[in-house]
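# Topology and contacts: notes
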Amino acid sequence: MVDPTSSQAFAKRLKTLSEAYSKRLASDFERLTELADWLAADASCVESLTQLNSVLHSLAGSAGTFGFESLGRQAREYEMQVTKVLQQDVKQSLPVSDWITQLQSTFELDKSRKAVLGMETTRLENIEGAPSIWLVERDVMLAEYMTQQLHSFGFQVRHFIDAEEFDQDKNKDSLPDLLLIDHRATQLEAIKENPVAFWLTYLKDYACPILFTGTEESFTARLHALRSGGQNYFVKPLDMIKLASHVAQLIKTKDSQPERVMIVEDDAELAHYLQCVLEGAGMDVRVFDRPDPLFEAINDFNPELILMDLWLPGITGAEIAALLGQMERWSQLPIVYLSAESNAELRGQALLRGGDAFLEKPIDTELLINLCRSRVIRLRKLEHTKNRDALTGLLKHASIKEALQDQWLLSQRKQQGFCVVMLDIDHFKAVNDTYGHAVGDLVIAAVGTLLRQRFRSTDKLGRYGGEEFTLVLLDCTAANAVSMVNSLREDFAAIQFTGGSEPFSCTLSAGVVDNQLFPDDPAESLLNRADQALYQAKNSGRNRVCLAAD
């Protein structure tokens, strides 16, 4: 049961934040009126235009996040017009007074339908080992909201008001797992002259992922973010669900498993040399000197790339590639040929039969490492897009069932223990009916992000459908699985969501099955047992975890 005092405190904080933002809007309108008067007297005043641009930029970046979506979009349109005038040698006059009237009218319309999506938790305070985010954002109120939302998704957040304050801590021992930066978070003139050079200077000592935010939805803004070292650029108003999910994915990727490479090469010395080079670069490598054991081992190893000699005893690399292409599971597997073949026609035929590239002997080791890494990154991105649910970042229904089947097959050969979990959000239909699907999406996304935070990168996590989730926990006993799922359940129950006037919380029910208790059960039967245990949890009162018994 959620503490009602905590719920009331959350509601009070949201109300206070909303009222404070409304007051700030009133102040912003006063400031806009003052600037309109100045520009009426001197339409070409660069200082007045710059300040006008700054106020509109702030409105464009924060209004939508606090529920005033139309106001934010309109402020952005006016900001773009001011930016265009600032770039002109001869400054044209702008209808600022008309803008203010329209903005105020839009503000009143937004107030009647305002609903800020949000969530807060008290259980995740000071989690040991929780990922650390450094947030650089000049808008203090927006930063407060972002900090609270990211914290509720299980992240520790440290806020810096601007680039100068942030720069003072760059030599500290405790560095972040991720940087989240407004690309205009400074008043220094250097950022106007060359924003890319500015951020490259400030960020050169950071090896963690970097995300930029901003109000500009443009090719130039995204290009500047990319060239400044950013992995992505998020446009304000921020969708905190998508942002938190993306942050979780980036941080998880840092601890991802090494690239898995298979080498098929009958020259033992060359194969050993290539293996040493790739293992020295942190990759997991298996070597075969003939093709026949390859097809038996490929399911166990699950390679992400094959390096293969074009000419092997009794068979060509192109023929092996063609055979792999006949199997749906391996049809997209990158294959790089190793060859000294100079005949362009033969090389072309080999590629047409199922290959991605050639590496000419003698092998350039730096090119070898970069080629392998780039192909694996591309494969992982493709599989993520194809197999992952967009809202949660978890495996889709078909993919989690396939992952379960693969794990079951592996356990038959290696006697490896694993647990299957079926997880469901209690009374979820009532959430959608009462608060709407946008809030329902927030609840589902919270489960997905917590799952990715709490469980290992080796575990298989999927959204089975709707509000139901499936987990395949590797090398995990029933006792450990129940303990981990119970911890997740308690964390989730402590979260309070809002999409209307009153906060609310949700709970989870789960069923767990240990494959070692049912050694004769195929994968589908294990899934059914976990589902039956879930229904047992539902029927016995919900908000609990039940273990399937024989």
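Scroll up to find the structure this text is about.
Quick summary incoming for the structure in this document. (Residues numbered from 1 in each chain as written. Predicted model: local features only at pLDDT ≥ 70, side-chain atom pairs only at ≥ 80, totals over all residues. Heavy atoms only, no water.)

### Topic: the overall build of the protein
Spelled out, the test is: For helices the rule is a DSSP run of H or I covering at least 4 residues; for strands it is a run of E covering at least 2, with both sets numbered from the N terminus onward. Buried residues are those whose accessible area, probed at 1.4 Å on protein chains only, stays under 20% of the maximum for their type, while exposed residues exceed 50% and partly exposed ones sit between those limits. By the convention used here, residues are in contact when the closest approach between their heavy atoms is within 4.5 Å. To measure how exposed things are, a 1.4 Å probe is used in the Shrake-Rupley method; for residues, cover is taken only from the protein chains shown.
Along its length, the protein carries 20 helices and 19 strands. Taken along its principal axes, the extent of the C-alpha atoms in the protein is 90 × 65 × 40 Å. A total of 550 residues make up the protein; the buried ones form 51% of that total. For the protein, the proportion of contacts with a sequence separation of at least 24, taken over those separated by at least 6, is 70%. Carbon together with sulfur atoms contributes 49% to the accessible area of the protein, which is approximately 26000 Å² in total.

### Quick notes on the nonpolar core
Nonpolar side chains tend to gather and get buried jointly when the protein is soluble and globular. Basically, it comes down to this: To define a nonpolar core, start from buried Ala, Val, Leu, Ile, Met, Phe, Trp, Tyr and Cys residues and group those joined through side-chain atoms within 4.5 Å.
Membership of the largest hydrophobic core comes to 87 residues, with the highest contact counts inside it found for Ile425, Leu451 and Phe492. Here this core takes 9 residues from helix α18 (residues 437–454), the largest share from any one element. When neighbours within four sequence positions are excluded, Ile425 is seen to be in contact with Val443, Ile444, Val447, Glu467, Phe469, Phe492, Cys506, Thr507, Leu508 and Lys538. Counting residues in hydrophobic clusters, the runner-up holds 22 residues, among them Ile400, Val420, Ala523 and Ala548.

### Describing the sheet that holds strand β8 (residues 284–288)
How we decide: Pairing between strands is defined by DSSP: at least two bridges between the two strands are required. Simply put, an axis is a line fit to the C-alpha atoms, just over the touching stretch for a helix, and the angle between two N-to-C directions goes from 0 to 180 degrees.
The strand order across the open sheet built from 5 strands is β8-β7-β9-β12-β13, with neighbouring strands paired in parallel fashion. Edge positions in the sheet fall to β8 and β13 (357–360), since each has one partner strand and no second. Each neighbouring strand pair of the sheet contributes to a mean axis angle of 20°, computed without reference to strand direction. Taken together, the 4 bridges between strand β12 (residues 335–339) and β13 define a ladder with parallel strand orientation. In the strand pairing of β13, Leu338 is matched with Leu359.

### As for the environment of Glu144
Mapped onto the fold, Glu144 is located in helix α5 (residues 140–152). Residue classification places Glu144 among the partly exposed positions, given a relative accessible area of 48%. Sequence spacing of Glu144 and Leu17 is 127 residues, and the spatial spacing of their C-alpha atoms is 9.0 Å.

### Things to note about the pairing of strand β6 (residues 232–235)
As a reminder of what qualifies: The definition of a right-handed crossover adopted here requires that, viewed with the strands pointing away, the path from the first strand over the helix to the second runs clockwise.
Where strand β5 (residues 210–214) meets β6, 4 bridges bridge the pair, whose relative direction is parallel. Following the sheet pairing, Thr213 is matched in β6 by Phe234. Handedness of the crossover is the feature at issue here: the chain leaves β5, passes through helix α9 (residues 219–227), returns alongside β6, and the resulting connection is right-handed.

### A word on helix α8 (residues 195–203)
The criterion, for reference: By definition, the arc is the one covered by directions from the helix axis to the C-beta atoms.
The set of residues buried in α8 consists of Val196, Phe198, Trp199, Tyr202 and Leu203. In a view along the axis of α8, the buried residues occupy a sector of 160°, so they form one face of it.

### What about the packing of aromatic side chains?
For clarity, the threshold we go by: Stacked, tilted and edge-to-face are the three classes applied to pairs of Phe, Tyr and Trp rings, where Trp contributes its six-membered ring and a pair requires centres within 6.5 Å; stacked means planes under 30 degrees apart, edge-to-face means over 60, and tilted covers the rest. Whether a charge sits over a ring comes down to the Lys NZ or Arg CZ being within 6 Å of the ring centre and within 35 degrees of the ring normal.
Counted according to the given criterion, the structure contains 16 aromatic pairs. With 4.0 Å between their ring centres and 10° between their planes, Tyr435 and Phe504 make a pair best called stacked. Note that Tyr435 is positioned in helix α17 (residues 428–435) and Phe504 in the loop between β17 (495–498) and β18 (508–514), a separation of 69 residues in sequence. Taken together, a centroid distance of 6.0 Å and an interplanar angle of 55° make the contact between Phe492 and Phe497 tilted. Linked through ring pairs, Tyr21, Phe29, Phe68 and Phe107 together constitute an aromatic cluster. Seen from the ring of Trp134, Arg158 lies directly overhead, with NZ or CZ sitting 5.6 Å from the centre.

### Some points on the pattern of salt bridges
Our working definition: The term salt bridge refers to a side-chain nitrogen of Lys or Arg lying within 4 Å of a carboxyl oxygen of Asp or Glu.
Under the defined criterion, the tally for this structure stands at 23 salt bridges. When the shortest N-O distance is used, the salt bridge between Arg456 and Asp459 registers 2.6 Å. Given a relative accessible area of 36%, Arg456 falls into the partly exposed group. Judged by its relative accessible area of 5%, Asp459 falls in the buried class. If you follow the salt bridges from partner to partner, you end up with Arg76, Glu79, Arg184 and Glu216 in one network.

### Notes on the packing of helix α16 (residues 397–414) against helix α20 (residues 523–539)
Here is the rule we go by: Angle categories are assigned with fixed cut-offs, so that under 35 degrees is roughly parallel, over 145 is roughly antiparallel, 65 to 115 is roughly perpendicular, and the rest are oblique. Two helices cross in a left-handed way if the nearer one is turned anticlockwise from the farther one by less than a right angle. They cross in a right-handed way if the turn is clockwise. In this count, Pro and Cys sit with the nonpolar residues alongside Ala, Val, Leu, Ile, Met, Phe, Trp and Tyr, while Asp, Glu, Lys and Arg are called charged and the others, Gly among them, polar.
α20 packs onto α16 with a crossing angle of 120° between their chain directions and a minimal axis gap of 9 Å. Classified by the angle between their axes, α16 and α20 sit oblique to one another. The way α16 lies across α20 gives a crossing that is right-handed. Mapping the contact onto sequence places Lys401, Leu404, Gln405 and Trp408 in α16 and Ala523, Glu524, Leu526 and Leu527 in α20. For the contact of α16 with α20, the per-class residue count stands at 5 nonpolar, 1 polar and 2 charged.

### Concerning the environment of Leu547
Relative to the assigned elements, Leu547 resides in strand β19 (residues 545–547). Look past the residues within four positions of Leu547 in its chain and what remains in contact with it is Ala478, Val482, Val512 and Ala533.

### Quick notes on the sheet that holds β6
Strands belonging to one sheet form pairs held by backbone hydrogen bonds; the direction of such a pair is parallel or antiparallel. On the basis of which strands lie adjacent, the open sheet formed by 5 strands has the order β3-β2-β4-β5-β6 and parallel pairing. In the strand order of this sheet, the two ends are held by β3 (156–160) and β6, each with one partner. Put simply, the sheet's adjacent strands are angled 20° from each other on average, direction ignored. Against the sheet, α8 makes contact with β4 (178–182) and β5, and its axis sits at roughly 150° relative to β4, the strand it touches most.

### Brief notes about the state of the cysteines
What counts, and what does not: Criterion for a disulfide: a pair of cysteine sulfur atoms within 2.5 Å.
Throughout the structure, instances matching the rule amount to 0 disulfides. No disulfide involves Cys506; its sulfur sits 19 Å from that of Cys546, the nearest cysteine. Cys506 sits in the buried class, given a relative accessible area of 5%. The thiol sulfur of Cys546 is not disulfide-bonded, and the nearest other cysteine sulfur, from Cys419, lies at 15 Å.

### Side note on the pairing of β18
In terms of burial, β18 is a largely internal element, 7 of the 7 residues being buried. Both faces of β18 are covered, namely the face carrying Leu508, Ala510, Val512 and Asp514 and the face carrying Ser509, Gly511 and Val513. Bridge count between strand β14 (residues 418–425) and β18: 7 bridges; the pairing is antiparallel. Within the sheet, the bridge partner assigned to Met422 lies in β18 and is Gly511. Relative to β19, β18 is paired through 3 bridges, and the arrangement is parallel. By the bridge assignment, Val512 is partnered in β19 with Leu547.

### Brief notes about the environment of Met308
Looking at the secondary structure, you find Met308 in strand β9 (residues 305–309). Given a relative accessible area of 0%, Met308 falls into the buried group. Between the C-alpha atom of Met308 and that of Met146, which follows or precedes it by 162 residues, the distance is 49 Å. In this view, Met308 contacts Val264, Gly317, Ile320, Ala321, Ile335, Val336, Tyr337 and Leu338; residues no more than four positions away in its chain are not counted.

Purely geometric numbers; function is a separate question.
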